[in-house]
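# Working through the structure, step by step
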Amino acid sequence: MTKPKYTEAQREANERWRKKHRERTQYLNKRSITKHFIADLATDDDLREVQKWVLDRLNKKNKKSIQ
């Protein structure tokens, strides 16, 4: 039998943190999924589309900061 990665107390502490910081946990999960998609799964067409979204988002942010 293999040794558990974390003690029971550490596992409970991690769960309490995740419940307390639900938005941060969701943000980190979504960022990780996005990175995996871009690095390992995306086709060239996907990458071009994602690049367009990023550029659109950056342009939108820049316009807001100028006003």
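Right above here is the structure, for reference.
What counts and what doesn't
Residues numbered from 1 in each chain as written. Predicted model: local features only at pLDDT ≥ 70, side-chain atom pairs only at ≥ 80, totals over all residues. Heavy atoms only, no water. Helix = DSSP H or I, 4+ residues; strand = E, 2+ residues; numbered from the N terminus. Rg over C-alpha atoms; globule rule 2.2 N^0.38 Å. Buried < 20%, exposed > 50% of the residue type's maximum accessible area, 1.4 Å probe, protein only. Areas by Shrake-Rupley, 256 points an atom, 1.4 Å probe, with all protein chains shown as cover. Lys, Arg positive; Asp, Glu negative; His and termini not counted. Charge placed at Lys NZ, Arg CZ, Asp CG, Glu CD. Salt bridge = Lys/Arg side-chain N within 4 Å of Asp/Glu carboxyl O. Patch = residues over 30% accessible without salt bridge, like charges linked within 9 Å, V, L, I, M, F, W, Y side chains within 5 Å. Axes fitted to C-alpha atoms, helices over the stretch in contact; angles between N-to-C directions. Parallel < 35°, antiparallel > 145°, perpendicular 65-115°, else oblique. Contact = heavy atoms within 4.5 Å. Nonpolar A, V, L, I, M, F, W, Y, C, P; charged D, E, K, R; others polar.

## Structural notes on the overall build of the chain
Counting its regular elements, the chain contains 3 helices and 0 strands. The C-alpha atoms of the chain give 19 Å as radius of gyration, which overshoots the globular expectation for 67 residues (11 Å, by more than 25%). Counting only C-alpha atoms, the chain reaches 55 × 35 × 10 Å along its principal axes. Residue burial in the chain is summarised as follows: out of 67 residues, 4% are buried. Summed over its atoms, the accessible surface of the chain is roughly 7,000 Å², and 54% of this surface lies on carbon and sulfur atoms. For the chain, the distance from the average site of its 19 positive side-chain charges to the average site of its 10 negative ones is 8 Å.

## Considerations on the pattern of salt bridges
Summed over all chains, the structure comprises 4 salt bridges. Of the charged contacts, one joins R18 and E15 as a salt bridge, the two residues approaching to 3.0 Å between their closest N and O atoms. Here the residue R18 and the residue E15 both occupy positions in helix α1 (residues 8–20), the gap between them amounting to 3 residues, near one helical turn. Since its relative accessible area comes to 37%, R18 is described here as partly exposed. We classify E15 as partly exposed; its relative accessible area is 34%.

## As for a positive patch on the surface
Taken together, the side chains of R57, K60, K61 and K64 define a basic patch exposed on the protein surface. Structurally, the position occupied by R57 is in helix α3 (residues 44–66). For R57, a relative accessible area of 55% translates into the label exposed.

## A short note on the packing of α1 against helix α2 (residues 22–41)
The contact between α1 and α2 brings their axes to 5 Å, and the two run at 95°. Put simply, α1 runs roughly perpendicular to α2. Together, W17, R18, K19 and K20 of α1 and R22, R24 and T25 of α2 make up the contact between the two elements. Its residues assigned to classes, the contact of α1 with α2 comprises 1 nonpolar, 1 polar and 5 charged.

## Comments concerning the environment of A13
Position of A13 among the secondary structure elements: in helix α1. Here the alpha-carbon distance between A13 and N29, two residues 16 residues apart in the chain, equals 19 Å.

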